[in-house]
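Okay, here's what each chain looks like letter by letter:
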Amino acid sequence: MKNQKKADICLILEGTYPYVEGGVSTWTHELIDTQEDKTFHILSILPREGEVTHKFSFPPNVVGHTDLRLQNLKKTGIRHARSLKALEGPLNNLTVGRAHLNDMQHVMRILGQFNTRPGEYELLDSEEAWELMESMYEASFSESSFLDYFWSWRAIMGGLYSILLSPLPEAQVYHALSTGYAGLLAARAKLETGRPVMITEHGIYTNERRIELASADWLEENFSRSLTIDDTRLSLRDLWMDAFTNYSRIAYEAADEIITLFTGNQKAQLADGATPEKLKVVPNGIDVERFAKIRRTPHERPTIALIGRVVPIKDVKGFIRTCAMLKEHLPDLKAYVMGSREEDENYAHECEEMVRHFSLEDVVEFTGQVAIDEYLPKIDLVVITSISESQPLVILEAGACGVPCVATNVGACAEMILGASDEQPRLGAGGAVVPLSNPAATAEAVYTLLTDRDYYKSCAEAIRQRVTLYYSKEQQHIAYDALYSTWMAAQTEAKRAEG
Amino acid sequence: MAGIGFVIQKLTKKDDLLGVFRAYTHAAMASTGPWLFTVLALIGITQFFTSSDPTDLNADFGYDNFRIVVIYNFAFSLVLSAPVFMIVTRYIADEIHKKDVTNTPSVMLGSLILLYLIQLPVVGWFYMFYVDFPLSMRIAAIVNVFMITSVWALAVFLTALKDYFAVSVAFAVGMITAALSAQFLKDSYGEAGMLNGFSFGLAIIVFTLVAKIFSEYSYRLDRPFAMLPHFRKYWELAVGGIFYNAAIWIDKWIMWFAPEAIKLPSKMVMYPDYDSATFLAYLTIVPALATFMVSVETHFFERYQRYYDDILGHMPLRRIRENQQRIIDSVLASARNFILVQGVIAFLAILLAVEIINLCDMVYTQIGMFRFAVLGAFFHVLLLFELIALSYFDSRKLVMRIQIVYFFANTLLTLWSLNQGFPYYGMGYFMASMLTFGLATFLLFTHTRKLTYHSFISNNNAIIT
C-alpha cells in the first residue's frame, strides 16, 4: 500500500489489474492511459494469500494503489465478542434469500456497533460467530455436509466482512470493473460516501461463477436430488451462487450507471436485478486507422479464416465440417485456422485428424499464432463458429479493412455484424449471423458471400462504415471521458449544494 | 475474466481437522509410564535398602546417601526433561501420522544430547559444588542422573512406536540387574559402588532400547534436532509438562524441610517417611490405570474416531451432534466405573492402612500421611485421565492451564499443611489433587459440550495458525 492522494476515480478490480494479464487488465491499463486528465486510485481485490507481481507499470495519473486481501480480517489480541444474532436476518438474505442494498446497510450498521472495528475473532472464531453459523446452517442446509458448510460459510462471510471493513480510499467517483466483490465494495462506497458509482461488466460475473461452481467437485452432496422432484433442500452450490447473485443485485442497486459491451449482456443484468434506466452500452473499439490502412492483395483461391485459439469453445471442429461441405461447391477453397494450438493439445490433435478424415489437407491450414495484419490482405471472409463469445474484436479488425464476417449468434456478434437495434441510419448487414453448431447454415452463408459479388461488396462496405462510425477506440475513450466528467460534475454539484 | 472464485476451492480443501489425534492418543499413554516406573523403582529401593533402625542415622549412611541420590535424580530428571519429553512425544506422533519415521533414530540422538545439555548445568552444580560428597560419589551421582534421563528419553520412542513388550522386558531385566549389582557392589565399594551398580542396571535398559530402535529403523544420522521447531509450535506442551512434573514433586520437596525430615552431612535433605508413604499410596492406582487403558481402547477410542471420521466424511451436523453425545456418555460411564473401582481400593487402603504399613515394614507415624496420600492419589489419577482426555481433543492450552493450577495448588496447600503440623502432613497433596480434579472436571465437561466448536475453531491448526 502506498501514499494516498485523493483521486478523481477509484477503480475497483477483482483478481485482475495490475497483477494478472488478460483482456480486462489490458482494457483497464488503456483506459487509465487515455483518461490522462483524470487521476486514478487502483483498488485491487486479491485472494487471501499468495504472492503477486505487477504485470503492468502504472501510468503517471495513478495516484494511489491499495490491495485488498479477501477474507483477511484484523487479528486482535483483545477480544470483544458480542452476540451476532442480529446479523442472521440480513446475512440469510445475502446468502440464501433475495438481498437488497438495505440488507448490506443493515450488516454495516451492526458491524459499526462494535466498540472497535471487529476482526477475525469476533466475526468468525468466537462462540457467538459459531452460534450464528450453526443457526444459519440449520435453517437452510441441515442435510448438507457440515464440514463443507463450515468452510463455505467462513469463506463467504470472511469475504463479505473483508469487503465491508477494509479501508476505503477516497475518490469522487467509484468505478467497479465487475460485480462480485468489486461490485460489493462499490456498493459500500455508495452507502458510506453517497458518491457516484459506475460498474462496467465485460463478461457477466454471475454466469462466470455459475460455470466455475458447476465444475467444482470439492462441494460434496450427500443427498440424491433424483429421488424426489419437489426437493426444496438447498445445496452448497446454491449457497455460493445465491451469494454471488445477491452481490450483483446489490451492486446494480447501488450503481448510478451500469455499462457493458453489448446489449446482449443486458438481459443477464436485468435478470440479476439491474433497472433498465441505468443500463448503458459502451462497446470496445479498435484502432480503425491501423486496419483501414491494410490493402487487400489479389489472390486466386477464395479464402476464409477462423481467427482464434484451437479450443472447444471456438468449435473449430464445426468450422472444419463447414469447410468439408464448402469444398464440394468451392473446390479451390482455402481456410486458415489462426491461433495457438497449445492450450488444448488433445483437441488440436483431434482437429488435425478431422482434417485428414475429410481429405481437407489442401484446404485447411493451421497457422498457429500469427500477426493478423499479415494475413488480412489475402482473407476474403472471417468465420466465427464459437459457442460463446463476448465482443470478439476480430470482427471489427477485419471489418475495418473491408472483410465481412459470418458468425454464430453469440455475444456481441450479431450487434456488430447486423448493427444495433437503434442504429440510425441502418447501414445494412456486414456479413451473416448463423445459428450455433450448425455447419450447414454456416456453409451456406459463406457460400453466398463468396459467390455473390454484389452482396459481398455491400457487406464489406457496411461493416467498414459501422466499425468506423461506432467501434473506434476514440469513441470508446470519448464515451468514458463523458461518463467520468458527468459523474464528477454531479459529485461537485452535490458537494456545493451541501455547502 | 474478472473475479477470484478460485480462492473458494483452496479454502474448502483445508481439512486439517483430525490432525494427529489418532497417533497422539497412543503417545499420551506414554506419559503414565515414567510415573509408574519411578514409583516402582523408588518403592523397591526404599524397601530394599532401608536402614534397619531409622533412629540410628550413622549406622546406614551409605544406604541413605544412595537412596537420597536416587530420589533426587528421579526428581531432577523427571522435571527437567519434561519439556523435551512432551515435545519429542508429539514430534514422533506427528511423524507416525505422516507415515514417515525414517528420522526417528536421529531425533533420538538429538533428544539425548538436548536432555544432557539441559541437565548438566543444574546437576553438575548440585553434585560438584553444593553437596558434600567424595569425588567417586559425585561422579557416580552425575552418571546416574544421565542414565535415568536416558531411560525416559528412550521410553518415549518405544512407547510411541507401540512396542510395549520390548519395553517391558528391557525394564524387567534392567531393574533386576540394578538391584543385584547394587547389592553386590555395596560391600566392596560402598555407596558409590551401589550407585554405579544401579546405574549399570539402567545402562542395560538404555542399551537394549537403543539397539531396539536402531534395529527397527535404518540408521541414518540426519537432522537430529528436527523436533526443535515443535517447541515453538507446541510450547504449551513443554510448559505444561514441566509444571505437571514439578507438581508431582513439589509436595515432597516442601516436606523435605519439615522438622521431622533428616539432613544428611552431605547437605542433602529428605523425609523418607513422607516419601515412602506417598510412593506406596501411588501403587493403589495401578488397577485404575489398567482399567483406563482397556476402557479407552474399547469404548472411548471407537466413539472418538467415529466422531472425527463423520466430520471428515461430510456428514450433517445432526450426525456430528449424535456422535458427540456418544462421547459424553462414554466419558460419564467410564468416570463412574473408575470412581467406583478406585473408590473401593482407596477405601480399603485407608481402612487397612495399619496392616499395609506393617506389612511393608514401615513405621506407625506414616499412617496418617499414607491415608492422605491414598486420597490424593485417587483424585490425582482421575485428574490424569481428564488431562489425557483433553489431550485427545488437542486442547493444549487448557491442559497447560490445569497443570499450572495443579502446581500452584500443591505448592500452597502443602506449605499450609506443613505449617499446620504433623497431623496435617499429606493433606496438602490430597486437597490440591481434589481441587484441581474438580476444576478439570468442570473444564472437561464444558469443553466436551462445545466439542464441535473447539474441534473446528480453537483446536484447528488450519485456523489458529
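Scroll up to find the structure.
Notes on the structure follow.

Reading guide: rules and limits
- Residues numbered from 1 in each chain as written.
- Chains lettered and ligands numbered in written order.
- Predicted model: local features only at pLDDT ≥ 70, side-chain atom pairs only at ≥ 80, totals over all residues.
- Heavy atoms only, no water.
- Pairing = 2+ DSSP bridges.
- Helix = DSSP H or I, 4+ residues; strand = E, 2+ residues; numbered from the N terminus.
- Right-handed = clockwise from strand over helix to strand, strands pointing away.
- Phe/Tyr/Trp six-rings, centres within 6.5 Å; stacked < 30°, edge-to-face > 60°.
- Buried < 20%, exposed > 50% of the residue type's maximum accessible area, 1.4 Å probe, protein only.
- Lys NZ or Arg CZ within 6 Å of the ring centre and 35° of its normal.
- Salt bridge = Lys/Arg side-chain N within 4 Å of Asp/Glu carboxyl O.
- Patch = residues over 30% accessible without salt bridge, like charges linked within 9 Å, V, L, I, M, F, W, Y side chains within 5 Å.
- Areas by Shrake-Rupley, 256 points an atom, 1.4 Å probe, with all protein chains shown as cover.
- Axes fitted to C-alpha atoms, helices over the stretch in contact; angles between N-to-C directions.
- Contact = heavy atoms within 4.5 Å.

**A few points about the pairing of strand E13 (residues 431-434) of chain A**
All names here are of chain A.
Phase 1 of the analysis: Across four bridges, strand E12 (residues 405-408) lies against E13 in parallel orientation. The partner of Ala 407 across the bridge, within E13, is Val 433.
Phase 2 of the analysis: In this fold, E12 hands off to helix H16 (residues 413-418), which returns the chain to E13; that crossover is right-handed.

**Section: the packing of aromatic side chains**
Phase 1 of the analysis: This model, assessed by the stated rule, comprises 50 aromatic pairs over all chains.
Phase 2 of the analysis: Arranged with centres 6.0 Å apart and planes meeting at 55 degrees, the rings of A:Trp130 and A:Phe150 form a pair that is tilted. Here A:Trp130, found in helix H5 (residues 127-140), pairs with A:Phe150, found in helix H6 (residues 146-165); they are 20 residues apart in sequence, far enough to count as distant. Each member of the pair, A:Trp130 as well as A:Phe150, is classed as buried.
Phase 3 of the analysis: Through a chain of ring-to-ring contacts, three or more aromatic side chains come together here, namely A:Trp130, A:Tyr137, A:Phe141, A:Phe146, A:Tyr149, A:Phe150, A:Trp151, B:Tyr453 and B:Phe456.
Phase 4 of the analysis: For A:Arg82, the ring lying beneath its charged end belongs to A:Phe114, and the centroid distance is 5.4 Å.
Phase 5 of the analysis: Sitting above the plane of the B:Trp249 ring, B:Lys252 keeps its charged end 6.0 Å from the centroid.

**A look at the pattern of salt bridges**
Residue and element names in this part refer to chain A.
Phase 1 of the analysis: Scanning all chains against the criterion turns up 32 salt bridges over all chains.
Phase 2 of the analysis: In this structure, Lys 38 and Asp 481 form a salt bridge, with 2.4 Å as the shortest nitrogen-oxygen distance. On the criterion of sequence distance, the pair formed by Lys 38 in the loop between helix H1 (23-34) and strand E2 (40-46) and Asp 481 in helix H19 (residues 473-498) is long-range, its members being 443 residues apart.
Phase 3 of the analysis: For Asp 380, the salt bridge is made with Arg 296, and the minimal N-O distance between the two is 3.2 Å. Here Asp 380, found in the loop between helix H14 (372-375) and strand E11 (381-384), pairs with Arg 296, found in the loop between helix H11 (288-292) and strand E8 (303-307); they are 84 residues apart in sequence, far enough to count as distant.
Phase 4 of the analysis: Three or more residues joined by partner-sharing salt bridges are found here, namely Arg 48, Lys 75, Glu 120, Asp 125 and Arg 154.

**Side note on unusual backbone geometry**
Residue and element names in this part refer to chain A.
Phase 1 of the analysis: Residue Pro 18 follows Tyr 17 across a cis peptide bond; omega there is -5 degrees.
Phase 2 of the analysis: Following the sequence through the fold, Pro 18 ends up in the loop between strand E1 (7-14) and H1.
Phase 3 of the analysis: Gln 424 connects to Pro 425 through a cis peptide bond whose omega is -10 degrees.
Phase 4 of the analysis: As for its position among the elements, Pro 425 is in the loop between H16 and E13.
Phase 5 of the analysis: Non-glycine residue Asp 315 carries a positive phi angle of around 45 degrees.

**Examining a nonpolar patch on the surface**
Residues and elements named next belong to chain B.
Phase 1 of the analysis: Residues Trp 125, Met 128, Phe 129, Tyr 130, Leu 135, Ile 139 and Val 143 make up a contiguous nonpolar surface patch of roughly 700 Å² in combined accessible area.
Phase 2 of the analysis: Going through the elements one at a time, helix H5 (104-130) and helix H6 (135-160) are the ones with two or more residues in the nonpolar patch.
Phase 3 of the analysis: No other element matches H5, which puts four residues into the nonpolar patch.
Phase 4 of the analysis: Its place among the elements puts Phe 129 in helix H5.
Phase 5 of the analysis: Judged by its relative accessible area of 66%, Phe 129 falls in the exposed class.

**Looking at the sheet that holds strand E6 (residues 257-260) of chain A**
Residue and element names in this part refer to chain A.
Phase 1 of the analysis: On the basis of which strands lie adjacent, the open sheet formed by seven strands has the order E3-E2-E1-E4-E5-E6-E7 and parallel pairing. With partners counted over all chains shown, the strands left at the sheet margins are strand E3 (62-69) and strand E7 (279-281), one partner each. For this sheet, the mean angle separating the axes of adjacent strands, direction not counted, is 20 degrees.
Phase 2 of the analysis: As paired elements, E2 and E3 share seven bridges and run parallel to each other. Following the sheet pairing, Ile 42 is matched in E3 by His 65.
Phase 3 of the analysis: On the sheet, helix H7 (residues 180-193) packs against E1, E2, E3, strand E4 (171-176) and strand E5 (197-201) and is oriented at approximately 145 degrees with respect to E1.

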